[in-house]
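The lines below spell out each chain.
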Amino acid sequence: TLAYPVQHISSNLRFKKEVPMAKTSDLQRYLNNNGVPYRIIEHDPAFSAHGVSVATHVPEKEIAKTIIIQIDGKFWMAVLRGDYKINLHLIKQAFGARQVHLAHEEDLNTLFPDCQLGTMPPFGNLYGVPVLIDQALADDEDIFFNACCYTKVIKMKFEDFRKLSNPLVGHYAEPPFIREETW
């Protein structure tokens, strides 16, 4: 039998805001049904890749950040290292697209109704959204990602993630301190 341990990491931070629980059970069921070993890490609420990194004691470069974009009117899920920033120009070039932009908050609520805002897991295939993943994250052995809520992260092998999500791998992001060329 596969074991799926839960680890809780706590800090002295306390939040006044009540955070409603989103469903992680469907995601866990999906991983269990596919025989994928994983670990759930529970932590104090975190609202950014950096915050998740601090709360879980996992380096930011190992946290997968999920960003929803539109490429010529079609939604895509871009997955990149937590310490990287998305480069819409690279995506536009890679797809030969006319228009690439970030999705709006309302789109996230519609596309991922079972997740708290911004906590969608990198399995776009579960939502009918194709997945792009940046090569820098694809080079890692493990992947850590939000589990539909502000207080849980899932850790699993990257190769298992790749098999389940069938992402397009390429260079779609860059370190945050790369200066963009201006024309």
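Counting from 1, residues in each chain are numbered in the order their sequence is written. A pLDDT threshold of at least 70 governs which residues receive local features in this predicted model, and a stricter bar of 80 or more applies before side-chain atom pairs are shown or counted, although totals over entire chains, interfaces and linings include all residues. Only hydrogens and water are set aside; all other atoms, that is, all heavy atoms of the structure, feed into the side-chain values.

Looking at the side chain of R81
For clarity, the threshold we go by: Only DSSP runs of H or I covering at least 4 residues are called helices, and only runs of E covering at least 2 are called strands; the numbering of each starts at the N terminus. In the analysis that follows, any N or O atom pair within 3.5 Å is treated as a polar contact, provided that within protein one partner can donate a hydrogen and the other can accept it, and provided that, for residues neighboring in sequence, both atoms belong to side chains.
One can find R81 in strand β4 (residues 74–81). At a separation of 2.7 Å, a polar atom in the side chain of R81 contacts the side chain of D83.

Quick look at empty space enclosed by the protein
One water molecule sets the probe size; rolling that probe over the atoms shows where empty space is left. Note the cut-off: Lining residues are defined by having an atom within 4 Å of a point belonging to a cavity or pocket. Those points lie on a 1 Å grid over the protein atoms alone, cavities being sets where a 1.4 Å probe fits but cannot get out and pockets being open sets with protein on both sides within 12 Å along at least five of seven lines. Grid points are joined across faces, edges and corners, and a volume is the space filled by probe spheres set on the points.
Taken as a whole, this structure holds one cavity of 30 Å³ or more when the rule is applied. There is about 30 Å³ of room inside the largest cavity. If you go around the largest cavity, the residues you meet are L108, N109, F112, C115, Q116, L117, G118, T119 and M120.

Some remarks on unusual backbone geometry
So the rule is basically this: With a 1.4 Å probe rolled over the protein chains alone, any residue whose accessible area is under 20% of its type maximum counts as buried; one over 50% counts as exposed, and the rest are partly exposed.
Even without a glycine there, the phi angle at H57 is positive, about 65°. Among the structural elements, H57 can be located in the loop between α2 (49–56) and β3 (64–71). The phi torsion at N166 lies on the positive side, around 50°, for a residue other than glycine. For N166, the position within the fold is in the loop between α6 (158–165) and β10 (168–170). With a relative accessible area of 66%, N166 lands in the exposed category.

Let's talk about α6
Going by this rule: Arc definition: directions from the helix axis to the C-beta atoms. Any two residues whose heavy atoms approach within 4.5 Å at even a single point are treated as in contact.
The complete set of buried residues in α6 reads F158, D160, F161, L164 and S165. Summarising the axial view, the buried residues of α6 lie within an arc of 160°, below the 170-degree limit, and thus occupy one face. Summarising the contacts, the buried residues of α6 are in contact with α1 (25–33), β7 (131–134), α5 (135–138), β8 (142–146) and β9 (152–157).

Section: the nonpolar core
Filter applied, for reference: Within this scheme, the nonpolar core is defined by two criteria: the residues are buried Ala, Val, Leu, Ile, Met, Phe, Trp, Tyr or Cys, and they are joined through side-chain atoms within 4.5 Å.
Formed by 30 residues in total, the largest nonpolar core has its most connected members in L31, M77, F123, I143, F145, I154 and M156. Apart from residues lying up to four places away in sequence, F145 is in contact with L27, A64, P121, P122, F123, K152, V153, I154 and M156. Among the nonpolar cores identified, the runner-up in size contains 15 residues, and I69, A78, L80 and A97 belong to it.

Considering the packing of aromatic side chains
For clarity, the threshold we go by: Between rings of Phe, Tyr and Trp, where Trp is taken as its six-membered ring, a pair exists when centres lie within 6.5 Å; planes separated by under 30 degrees are stacked, by over 60 edge-to-face, and by other angles tilted.
Applying the stated criterion to the full structure yields seven aromatic pairs. Where F47 meets Y150, the ring centres are 4.6 Å apart and the plane angle is 55°; that geometry is what we call tilted. Of this pair, F47 sits in the loop between β2 (38–43) and α2 while Y150 sits in the loop between β8 and β9; the two residues are 103 residues apart in sequence, bridging distant segments of the chain. Judged by relative accessible area, F47 falls into the partly exposed class, the value being 46%. A centroid spacing of 5.6 Å and a plane angle of 80° characterise the contact between F123 and F145, whose relative ring orientation is edge-to-face. Taken together, the residues F123 in the loop between α4 (105–111) and β7 and F145 in strand β8 connect sequence positions 22 residues apart.

A word on the environment of T110
By the secondary structure assignment, T110 is in helix α4. Among the polar contacts made by the side chain of T110, one reaches the main-chain carbonyl oxygen of E106 at a distance of 3.1 Å.

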